[in-house]
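# Overview (structure and organization)
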Amino acid sequence: MTAKILVSACLMGHAVRYDGASKPLIHPAIDRWRQEGRLVTICPEMSAGMPVPRPPAEIASGMSGTDVLDGGATVVENTGRNVTGEFLDAAENALALARETDCRFALLIDGSPSCGSGFVYDGTFSGARRAGQGVTAALLARNGIEVYSDREIEALIERIDGPRETR
């Protein structure tokens, strides 16, 4: 069976980020996976009804998505508005879609309070990063879906296709 991959819509060129932009990931594997019908695209925040553009949001107090899932942290916009509920809904929507479409892998944009898998911003809106996962990435990982950041596409290729032979 062909492995399906849940992928951040912004990586597929959709202008869905908080600032109304996209961050297309240009890679031959993306083109091949698209042709093979392996890619399942979602913007978790939009699936929860959040608008584009929208105020930037970060996980407060230097916490991570795991802390949000466990009820020990919040997600707030730079306006001060608490959007934890929306981010939890977004994560649940992404997990439901991954399950419905049998995605075993996820390729998500790093840094996002939803999709970050290697790092998130520290909640001060200063641009400072900390190691950790966003809410969606944490929920997917908690449910057995292997999560890779956009910077880890080579590792995902190897995981799906196996090691490349050297000649």
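Residues numbered from 1 in each chain as written. Predicted model: local features only at pLDDT ≥ 70, side-chain atom pairs only at ≥ 80, totals over all residues. Heavy atoms only, no water.

### Concerning the layout of surface pockets
The space that makes up the largest pocket amounts to roughly 560 Å³. Along its surface, the largest pocket is lined by 31 residues, and Arg17, Tyr18, Gly111, Ser112 and Pro113 are the ones closest to its centre. Sorting the residues of the lining of the largest pocket by element identifies helix H2 (44–47), strand E3 (57–59) and strand E6 (119–121) as the ones contributing at least two each. Across the lining of the largest pocket, the residue classes tally to 18 nonpolar, three polar and 10 charged. (1 Å grid on protein atoms, 1.4 Å probe; cavity = no way out; pocket = protein on both sides within 12 Å on 5 of 7 lines; lining within 4 Å. Points joined across faces, edges and corners; volume = space filled by probe spheres on them. Helix = DSSP H or I, 4+ residues; strand = E, 2+ residues; numbered from the N terminus. Nonpolar A, V, L, I, M, F, W, Y, C, P; charged D, E, K, R; others polar.)

### Description of the packing of aromatic side chains
Two aromatic rings are characterised by how far apart their centres lie and by the angle between their planes. Taken as a whole and judged by the stated rule, the model has one aromatic pair. The interplanar angle of 85° and the centroid separation of 5.7 Å between the aromatic rings of Phe119 and Tyr121 together place this pair among those described as edge-to-face. Residue Tyr121 is classed as partly exposed on the basis of its relative accessible area, which comes to 26%. Arg129 extends its terminal NZ or CZ atom over the ring of Phe119, reaching a point 4.0 Å from the ring centre. (Phe/Tyr/Trp six-rings, centres within 6.5 Å; stacked < 30°, edge-to-face > 60°. Buried < 20%, exposed > 50% of the residue type's maximum accessible area, 1.4 Å probe, protein only. Lys NZ or Arg CZ within 6 Å of the ring centre and 35° of its normal.)

### Observations concerning the sheet that holds strand E2 (residues 39–42)
Across the sheet, four strands lie side by side as E2-E1-E5-E8; this open sheet has parallel pairing. Two strands close off the open sheet at either side, each with one partner strand: E2 and strand E8 (146–149). Strand-to-strand twist in this sheet, taken as the mean axis angle between neighbours without regard to direction, amounts to 25°. Summarising the sheet, strand E5 (residues 103–108) and E8 pair through four bridges and their orientation is parallel. Bridged to Leu107 within E8 is Tyr148. Docked against the sheet, helix H4 (residues 84–100) engages strand E1 (4–8), E2 and E5, running at close to 160° with respect to E2. (Pairing = 2+ DSSP bridges. Axes fitted to C-alpha atoms, helices over the stretch in contact; angles between N-to-C directions. Contact = heavy atoms within 4.5 Å.)

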